[in-house]
Amino acid sequence: MNRPSAAFAAFTLVLLVSLVGCAAAPSPTSAPGVATPTAQAAGTVYKVGFIASVTGAAAALGEPERNVALMWQQKLDVAGGIVGPDGVRHPVQIIIHDTQGSSDLAVTLTKRLISDDGVVAIIGPSTSPESMAILPIIEEAGVPLISMASSSAIVKPAAERRWSFKTAASNEHTAPLQVEYAKAKGITRIANIYVNNAYGEDGAVAIRKAAADAGLEIVYEDTFEADDTDMSAQITKIKASGAQAVLVTAIPPAAAVFTMQCRELGLDLPVIHNHGIGNKAFIEQAGAQNAEGVVFPMSKLVAYQSLPDDDPQKPVLTQFVSEYQAFAKQPPSSFAGHAWDALAIVTEALKRLPEGLPLAEQRSRLRDEIEATKGLVGIDGIFTFTPEDHVGLSYKDMVLMRITNGDWEYLPREKW
Amino acid sequence: MQLGLSDWLQLFLSGFSTGCIYALIGLGIIITYSVARVINMAQGEFVMLGAMLTVTFVRALGVGTGLAAAMAVLAVALIGLAVYRLTILPLRRATEVTVLLATIGTGIAIRGLAHVAWGTTPRPLPPFVAAAPIRLAGAALSWQRIWVVACTAAALALLYSFFQGTLLGKAILACSVNRNAAELLGIPARSMGALAYLMSAALGATAGVVIAPLTLASYDMGLALGLKGFVVAVMGGFTSMPGAVVSGILLGTLESYAAGLVSGGLKDALAFLVLLVVLLARTVRLPSLLVRPRRSEA
């Protein structure tokens, strides 16, 4: 029994040495993906909270978002963190949590990230209700938030939303494009119809403004319910109103039912939807025949291959798609793009943060630096924030798509 | 905006066909009430099952819409029978309120099961006839709406000949008029109740099948349609079958004109406004129906 004991002792010795070695090394054990600082003096570790609905009803949003966060952490680790304006290198640690689509859980996680983990900024959550729920907390604690949800209430009114930003385009960015398309078609009278909820109302307001700016007359305006099964009365009135095109703000299934019944009642006007139908389930529900010819705005991600080579977003989009494809083994959705943009904005702003600030100061300086973001080429568009505009996008960041033979087709301006 | 004659016609055609659906659902509620003394709040779920099963049969088995529809109606009729056997018959000595609550529970259970089985994504069903809508004095009438009206007419004709022309039908009617007397004459009221449930489930399923191509089939479509059917049943005095048909068509048309002449948001509000007015006018003494102990069945 002598030889095994000797082997055991040797093994123990090796283990001890390696443990001591680890303890001496600059703490790579605290979490996967903390960058090891290189030659330069190691600065503060920047922790960024990332909360997304990875499971639950909004998993379709949160899962690709989480993938991007993991991907981004890998990129940061390979680069060895970021270098501040004073040449100090900072490891960046992204702390990812799953909100399961629950506002309550999002609130708990946000509080924990702020007080226990000491994050400098929070990215997320995936949905608008969750984002609205955590706004009071981040405002009170003074922590910058970049939401991946779309409601414009997250950033408006600007005076009350000092700490929150978002990367997903709003209806105010899609409406001018819808109106411009109608105008290019020689249309002067439009019908503005929308689903009777906050999303539809927001879209209708944006269309009213865009139409007024472009000099189009809204000759008919009405709502339908999200669970309506019969919209023939509204469609009859559109017919009677003398409108030359129908602008719709709704999501499936109501958007699909409306489109189906337009065709059923023989309404042969151009139907211009909003980005709410940017999901291929719309075509299946409405039927390819009924959806044929429907035009709607989307972010450039869906059409990146068809963009002209001089489009500044094309290289970023191409890189994003290939990196995401390699990481997640599937093409990215628009939600993945929202996460990429939020991470890019925070990373760039962190690079402008000097070393040696206390945490509260770091947070408020970071907020200022995020707000100072200018011309950042992202996935959802080119971001330029101002104190009044915390989305930073414009309608030029959107493109129009047309439904042709049951699929999406990029509709460049030349083909309008 | 000035609505022309063709728009009025369009609103009428849409309202009339939607009203036919309401009538079918309301009829189902009236039949179970008059024969089995059950206010079936789960009637809308039979509509949903009819629509969802048809879509499923078309997709999974690759059969034609007609065959799938027939199979779905049959399947839902059997489900109706099972619901009667499992939830109504064991409660035959309970008060009407208990039974009413049981039907609400049944409805929630069926909806929940459908949610699990089919998920939340609404599914399309192709129209029975894929042809361009008919133009009628400036109004458009789709073939599917003609199917809705035709199926309703056929269902009514079948019901009429069954109740008036067959012994079984007359036995059911006898039960609805006076259950005790019918039992004394040797009519098995319990079987008649089962038969009533089977028939109303089939009626509901038919409504679901014909409306699915106009809307979409989804697990939660039954709730709203069931409530409309309930309004129709109340308007029809809870016992009158012709009354239910007239009320259904009236409600559908009123809704259509309310949405067309005033606002789309008024449509659903109108149905329940009508319900309130009818209840207040005491056309049916619903509260007394609810608290009265059920007549002995044994």
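Participant: When you look at helix α5 (residues 143-165) of chain B in this model, what are you seeing that I'm missing?
Facilitator: At 3.6 residues per turn, the α-helix brings residues three or four places apart onto the same side. For α5(B), with 23 residues, the first-to-last C-alpha span of 32 Å sits near the 33 Å given by 1.5 Å per residue. Those residues of α5(B) that fall on the buried side of the exposure criterion are Q144(B), R145(B), V148(B), C151(B), T152(B), A155(B), L159(B) and F163(B).

Participant: How should I be thinking about empty space enclosed by the protein in this particular structure?
Facilitator: The method is simple in principle: a probe with the dimensions of a water molecule rolls over the atoms, and the space it marks as empty is what remains. If you walk through the whole model with that rule in mind, you get five cavities of 30 Å³ or more. Residue lining of the largest cavity: T229(A), D230(A), Q261(A), S17(B), T18(B), I21(B), R145(B), V148(B), I211(B), L214(B) and T215(B), and that is the complete set. Elements represented by at least two residues in the lining of the largest cavity include exactly α1 (5-36) and α5 of chain B. When residues of the lining of the largest cavity are assigned to their parent elements, the largest contribution, three residues, is made by α1(B). Counted by class, the lining of the largest cavity contains four nonpolar, five polar and two charged residues.

Participant: Where do I start with the packing of α1(B) against helix α9 (residues 221-235) of chain B in this structure?
Facilitator: The relative placement of two packed helices comes down to the angle between their axes together with the axis-to-axis distance. All names here are of chain B. Where α1 contacts α9, the axes come no closer than 7 Å and their chain directions differ by 70°. Comparing the axis directions of α1 and α9 gives the class roughly perpendicular. In this structure, the crossing between α1 and α9 has a hand that is right-handed. When α1 is examined against α9, the residues I21, Y22, A23, I25, G26, I29 and I30 are found in contact with a partner set consisting of L225, G226, K228, G229, F230, V232 and A233. Across the contact of α1 with α9, the residue classes tally to ten nonpolar, three polar and one charged.

Participant: How do you make sense of helix α3 (residues 103-117) of chain A when you look at a structure like this?
Facilitator: All names here are of chain A. Helix length check: α3 (15 residues) gives 20 Å between terminal C-alpha atoms against 21 Å at 1.5 Å per residue, within 8%. Those residues of α3 lying buried are A106, V107, L109, T110, L113 and I114. On the buried face of α3, the contacting elements are β1 (46-52), β4 (92-98), β5 (121-123), α4 (128-141) and α13 (359-371). For α3, the N-terminal cap is S102; the gap from its side-chain oxygen to the backbone nitrogen of D104 is 3.3 Å. Of the residues flanking the end of α3, it is G118, one or two places downstream, whose phi is positive at about 65°.

Participant: Would you take a moment to explain the pairing of β1(A) for this structure?
Facilitator: The two faces of the sheet receive side chains in turn, since in a regular strand these alternate between them. Residues and elements named next belong to chain A. By the criterion of burial, β1 is predominantly enclosed, with six of the seven residues buried. The sheet contact formed by β1 and β5 spans three bridges and is parallel. Its bridge partner lying in β5, V48 is registered against A121.

Participant: I keep staring at the interface of chain B and chain A and nothing clicks. Help me out?
Facilitator: Reports often express the size of an interface as the amount of accessible area lost when the parts come together. Residue-level contacts link 32 residues of chain B with 27 residues of chain A. Of the roughly 2300 Å² buried at the junction of chain B and chain A (both faces included), carbon and sulfur atoms supply 53%. The interface formed by chain B and chain A contains four salt bridges. Where the side of chain B that touches chain A is concerned, the elements lending two or more residues are α1, α10 (241-261) and α11 (266-280) of chain B. By residue number, the principal contributor to the side of chain B that touches chain A is α1(B), which donates five residues. Its residues placed into classes, the side of chain B that touches chain A shows 13 nonpolar, 13 polar and six charged.

Participant: Would you mind going over the side chain of R37(B) with me for this structure?
Facilitator: Residue and element names in this part refer to chain B. Turning to its location among the elements, R37 is positioned in the loop between α1 and α2 (43-61). It turns out R37 is buried and unbridged, and the closest side chain with the opposite charge, E96, is 5.6 Å from it. Within the structure, the side chain of R37 is placed 3.3 Å from the backbone oxygen of S176, a separation counted as a polar contact.

Participant: Please clarify how the side chain of Q285(A) should be interpreted in this entry.
Facilitator: Tracing the backbone shows Q285(A) in helix α9 (residues 281-286). Look past the residues within four positions of Q285(A) in its chain and what remains in contact with it is P252(A), P253(A), A256(A), M260(A), T121(B), P122(B), P124(B) and L216(B).

Participant: Explanation requested: the nonpolar core in the structure shown.
Facilitator: Across soluble globular proteins, nonpolar side chains have a tendency to be buried as a group. With 110 residues, the main nonpolar core has F258(A) and L350(A) as its most contacted residues. Sort the elements by how many residues they give to this core and helix α12 (residues 334-350) of chain A lands first, with ten residues. The contacts of F258(A), once residues within four sequence positions are left out, are I193(A), F224(A), M231(A), I235(A), I238(A), V246(A) and V248(A). With 82 residues, the next largest nonpolar core counts V47(B), V83(B), A205(B) and L225(B) among its residues.

Participant: What exactly am I supposed to notice about the confidence of the model for chain B here?
Facilitator: Low pLDDT marks stretches whose predicted atomic positions should not be read closely. All names here are of chain B. Per-residue confidence for chain B gives a mean pLDDT of 88, with 94% of residues at or over 70. Across residues 287-298, confidence stays below pLDDT 50; counting only partners more than four residues off in sequence or on other chains, it has 29 contacts. Quick note on the complex model: pTM equals 0.76, ipTM equals 0.76.

Rules behind the numbers
- Residues numbered from 1 in each chain as written.
- Chains lettered and ligands numbered in written order.
- Predicted model: local features only at pLDDT ≥ 70, side-chain atom pairs only at ≥ 80, totals over all residues.
- Heavy atoms only, no water.
- Helix = DSSP H or I, 4+ residues; strand = E, 2+ residues; numbered from the N terminus.
- Expected span 1.5 Å × (residues − 1).
- Buried < 20%, exposed > 50% of the residue type's maximum accessible area, 1.4 Å probe, protein only.
- 1 Å grid on protein atoms, 1.4 Å probe; cavity = no way out; pocket = protein on both sides within 12 Å on 5 of 7 lines; lining within 4 Å.
- Points joined across faces, edges and corners; volume = space filled by probe spheres on them.
- Nonpolar A, V, L, I, M, F, W, Y, C, P; charged D, E, K, R; others polar.
- Axes fitted to C-alpha atoms, helices over the stretch in contact; angles between N-to-C directions.
- Parallel < 35°, antiparallel > 145°, perpendicular 65-115°, else oblique.
- Left-handed = near helix turned anticlockwise from the far one by under 90°.
- Contact = heavy atoms within 4.5 Å.
- Polar contact = N/O pair within 3.5 Å; in protein donor to acceptor, adjacent residues only side chain to side chain.
- Pairing = 2+ DSSP bridges.
- Buried area = accessible area lost by both parts, 1.4 Å probe.
- Salt bridge = Lys/Arg side-chain N within 4 Å of Asp/Glu carboxyl O.
- Lys, Arg positive; Asp, Glu negative; His and termini not counted.
- Core = buried A, V, L, I, M, F, W, Y, C linked by side-chain atoms within 4.5 Å.
- pLDDT = per-residue confidence, 0-100.

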